[in-house]
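Descriptive analysis of the structure
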Amino acid sequence: MENKKYNKVLTIVLVVIVIAIFGVIGFIGYDVVKKNAENRDQNKALEEFENRISMIRNNTSQNNANQTELDGNVSLNFNMNETIGDNQNGNSGSNNGGSGNSSTIAKQTYKGYTMLGRLSIPSISLDLPVLDRASEASMKVSVGVLYGVGLNQIGNTVIAGHNYRNGTFFSNLKKVENGDTIYITDNSGKKVKYTVYNVYTTTSSDFDYASRDTAGKREVSLTTCTDDVNARRVIWAKES
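Our subject in this report is the structure included herewith. (Residues numbered from 1 in each chain as written. Predicted model: local features only at pLDDT ≥ 70, side-chain atom pairs only at ≥ 80, totals over all residues. Heavy atoms only, no water.)

1. Re the pairing of strand β7 (residues 191-202)
The condition that has to hold: Strands qualify as paired when DSSP identifies two bridges or more between them. Each helix corresponds to a stretch of at least 4 residues labelled H or I by DSSP, and each strand to a stretch of at least 2 residues labelled E; elements are numbered beginning at the N terminus.
Pairing of strand β6 (residues 181-186) with β7, which is carried by five bridges, proceeds in the antiparallel orientation. Across the sheet, residue Y183 finds its bridge partner in β7, namely K193. Taken together, β6 and the strand that follows it, β7, pair antiparallel across an intervening segment of four residues, in which G189 is found at a positive phi of about 95°. For β7 and strand β9 (residues 232-239), the ladder comprises eight bridges, and the chain directions are antiparallel. Looking at β9, one finds that T195 is bridged to K238.

Take a look at the structure:
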C-alpha cells in the first residue's frame, strides 16, 4: 500500500518536473525567437535609414555639382561680356542651373514612432534606431530621446532605453567603460563620434545630469536602470 502511494507521489513529482522543464524550454525558445525578430526588424530599419542617408548625400553632391557648374558659367559669361563689350547678342547666362534638384526625404518611422537617427556602440555590438521619444511604450521597441537639444546638436541630449537583462536595447550598457566610442548618425546624414568620459550609477530621481552645461560642446547621455531596478546607470560622452 505504501509502495503504491510512494509510486503515485513519485509520478506526480516527475510530471511536475517534466512540465517545468518544458515550460523553461518554451520560455527560452520564445525569448530567442523574439530577440531574433527584433534584430531582423532593427536591421531592416537601419538599412532603410542608410539608404535614405545615401539619397540625401547624393542629392547634396548633385546640388553642389550644379552650383559649381553655374558658378563656372557665370564667371565665363562675365569674362566674355567684358571682352565683347556692349554686344547685345552676348550670352547672359542661364538661370536654370542654380535651382538644382532638391529632394525632400520623408521622415522614417519605426513601429509607429519617428526615427531620429542611429546609435552605435562598437564595444558592446549595439546598433539601434533612435526614436523621437522615450516613453514606456516606445522603449519596448527601441531606445529614444528623453530630453535635450536633439541628436548631434550643441548641448546635451539624453537617450534612454530599457535594461531587459537579455542583451537587448540597453541591457549591456553596464559593460561600457570610459574611453569607449559612441557613434550617432542623425537624419541629415551627419555622423558624430563621441567618447565616453563618465560612467556612474545614481538614484532614479536624479536628473541633474540632463541639463548640465557642456561649454558649447556636443554631448550625449545614455541612461537605463540597473539589473536590480533600484538605481540608474548613466553614461556621459562628448564629441571627439
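2. Some details on the nonpolar core
The condition that has to hold: Remark: nonpolar core denotes a set of buried residues (Ala, Val, Leu, Ile, Met, Phe, Trp, Tyr, Cys) joined through side-chain atoms within 4.5 Å. Burial classes: relative accessible area under 20% of the type maximum marks a residue as buried, over 50% as exposed, and values in between as partly exposed (1.4 Å probe, protein chains only). Contact definition: two residues touch when any of their heavy atoms are within 4.5 Å.
Among the nonpolar cores identified, the biggest contains 23 residues, and L119, I121, I159, F170, I182, I184 and L222 are the most heavily contacted of them. L119 has contacts with L126, D127, L128, V130, V143, F170, I182, Y183, I184 and L222, leaving out every residue within four places of it along the chain. Counting 10 residues, the second largest nonpolar core, distinct from the first, contains L46, F49, I53 and I56.

3. Considerations on the pairing of strand β5 (residues 155-160)
Burial analysis of β5 places six of its six residues in the buried class, the great majority of the element. In β5, alternate side chains face the same way, and those of G155, T157 and I159 on one face and N156, V158 and A160 on the other are all buried. Linking strand β4 (residues 143-148) back to β5 in an antiparallel pair, the connection comprises six residues, with G150 at a positive phi of about 120°. Examined bridge by bridge, β5 and strand β8 (residues 218-225) share six bridges and lie parallel to one another. Considered in β8, the bridge of A160 is made with T223.

4. Some thoughts on the environment of N172
Along the chain, N172 turns up in the loop between β5 and β6. Here the alpha-carbon distance between N172 and I124, two residues 48 residues apart in the chain, equals 6.7 Å.

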